[in-house]
Amino acid sequence: MTVCEYRAGLEGIPATQSSISYVDGQRGILEYRGIPIEKLAEQSNFLETAYLLIWGELPTQEELKLFEHEITHHRRLKYRIRDMMKCFPESGHPMDALQACAAALGLFYSKRALDDPAYIRAAVIRLLAKIPTMVAAFQLMRKGNDPVQPRDDLGYAANFLYMLNEQEPDPLPAKIFEVSLILHAEHTINASTFSAMVTASTLTDPYAVVASAVGTLAGPLHGGASEEVIFMLEEIGSVENVRPWLEEQLAHKSKIMGFGHRVYKVKDPRATILQQLAEKLFEKYGRDKYYDVAVELEQAVAEKLGHKGIYPNVDFYSGLVYRKLGIPTDLFTPVFAISRTAGWLAHWKEQLNENRIFRPTQIYTGLHDEPYVPISER
Ligand code: SDX
C-alpha cells in the first residue's frame, strides 16, 4: 500500500470514484452525469434532474411521469411527525428541526433492505417528497399556524412555495425556485456528501444517511454560509461602506462569507446563474436594497483576493434570490438541503453498489507507554 502524506481537510485526496458529477475548478465547469449545469438550469426541472443524478440517465416521459406521481403522493407527513415537531422550540434553528425529522423517518420505516431495488426507490421517493413538507411545516408551526397540506396539482417547486407562504406562487418565482433547486442538487464530494457516504458505508438506513448530511450542511463553512451572507450584507449596509468594511475584515483575517471554494478558483458557475435569477426577480418585483452592496463586494474581493482564486461561491447570491421569494433567512440552508437530498441519495446508491466501510488512518502525534499517576499524586 502506498503511504500518502497528510493533507489537512483531505485537500486533493480522492475519497471515492464517482460518475455522478464533475467539477473543473479552474474553468468553472459543473456537470451532472456529463450534462453542463447551464443546460439543466435552462431545460430541466428539479425532479428530472434528481432522477438523472440518482438513476444515472435522463428519464423517459413515462419514467418521469411515474416518478413525479409517486413523489406527489408521498408528500404528506405522518401526524406523529407533525406532533413531534410541535414539541420543538420555535427559537430552534430549522436545520436542527430538519435533521431530527429526517432521522425520525427511520423510526417509521425501520425495515432495512439495502439490496432490494424497491426499498431503495421507496426511500428515495419518501425523502424527496417529505423533506420540503417538513421544512414548510416547521416554518408555519413556529409562527403558531397549522401546517398547510401539500397540493397535488402543483409541481415540486411551486408546491413548496405554496406550503411555505400559504399562497400559490406566480409562475416566475416558481420557475426561479425550480432552477435554484437544480443548481444546488449535487456537487461531488463536498462535506455533507462525504458525511452521507461515510454514514452510508456502515450500511445503516437512508434516513440516518440524510440526517447526518443535514447536520454537516448546517455549518457556516458549508451550506450555512448563505444566511451568513445576508447578515454580512446587512452589516455592511451601503455601497460606500463595502471597501472600508472589507479592509477591516482582511486586517482581522476574517473569512468573507459566500466567497472562496476548495475546488473553484474562479467564480462558481452556479453563482453566475443565481445572480442572473436574482436580476430577473428584481426586474419584476423590485430590486433588493442589498444587491448593489453584493455586486460592489464581489468587485472589491476580486481586487483584493482574486490572486488567491477567491470569488463568489454558490452561497453568495442564493440568499438574495430566496429573500425575494419570501423565504426567511434561517430557511436558506434547509432549502439547500431539500435540493441536495437528491445528490446525497445519488451518492448513497452509488456507495451501496460497491461498498467498503470508510475507515481512514491517522498520524498519531501523542505519547507512548506513559506512567499512570494515581489521582492522589497529581
Ligand atoms: C459550499 O465543497 C463544496 O462543493 C461545497 C459547496 C457545495 O455545493 O456543496 O460548493 C457549497 O459549502 C460553498 C462554500 C460556503 N462557505 C463559505 O462561503 C464560507 C467562506 N469560505 C471559506 O471559509 C472557504 O473558502 C471554504 C470553507 C469554502 C474553503 O476552504 P478551504 O479550501 O479550506 O480554504 P482555506 O480556508 O484553507 O483558505 C485558503 C486561503 C487562505 O489564505 P492563506 O492563509 O493561504 O493566505 O484562502 C483564504 C484563506 O484565508 N480564503 C479566504 C476565504 N476563503 C479562503 N479569505 C477570505 N475570505 C474567504 N471566504
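Residues numbered from 1 in each chain as written. Predicted model: local features only at pLDDT ≥ 70, side-chain atom pairs only at ≥ 80, totals over all residues. Heavy atoms only, no water.

## Some points on the side chain of S226
In step 1: Structurally, S226 can be placed in helix 11 (residues 225–236).
In step 2: Residues in contact with S226, not counting those within four places in the same chain, are D315, S318, F332 and T333. (Helix = DSSP H or I, 4+ residues; strand = E, 2+ residues; numbered from the N terminus. Contact = heavy atoms within 4.5 Å.)

## Focus on the domain arrangement of the protein
Reports often express the size of an interface as the amount of accessible area lost when the parts come together.
In step 1: Each assigned domain of the protein is listed here: domain 1 (17–220 + 330–353) and domain 2 (225–324).
In step 2: One C-alpha centre belongs to domain 1, the other to domain 2; they are set 26 Å apart.
In step 3: Every contact between the two is made by 30 residues of domain 1 and, on the other side, 27 residues of domain 2.
In step 4: Interface of domain 1 and domain 2: buried area, both sides summed, is about 2300 Å²; carbon and sulfur atoms make up 69% of it.
In step 5: Per-residue buried area on domain 1 facing domain 2 is highest for I176, L183 and F332; these three make up 28% of the total on that side.
In step 6: The tally of links from domain 1 across to domain 2 stands at zero salt bridges.
In step 7: Counting across the domain 1 and domain 2 interface gives six residue pairs in polar contact (both at pLDDT 80 or more).
In step 8: Listed by contribution, the elements that provide at least two residues to the side of domain 1 that touches domain 2 are strand 1 (21–24), strand 2 (29–32), helix 1 (37–43), helix 8 (171–184) and helix 16 (332–353).
In step 9: Of the residues assigned to the side of domain 1 that touches domain 2, the class counts are 15 nonpolar, nine polar and six charged. (Domains from an automatic or database assignment. Buried area = accessible area lost by both parts, 1.4 Å probe. Salt bridge = Lys/Arg side-chain N within 4 Å of Asp/Glu carboxyl O. Polar contact = N/O pair within 3.5 Å; in protein donor to acceptor, adjacent residues only side chain to side chain. Nonpolar A, V, L, I, M, F, W, Y, C, P; charged D, E, K, R; others polar.)

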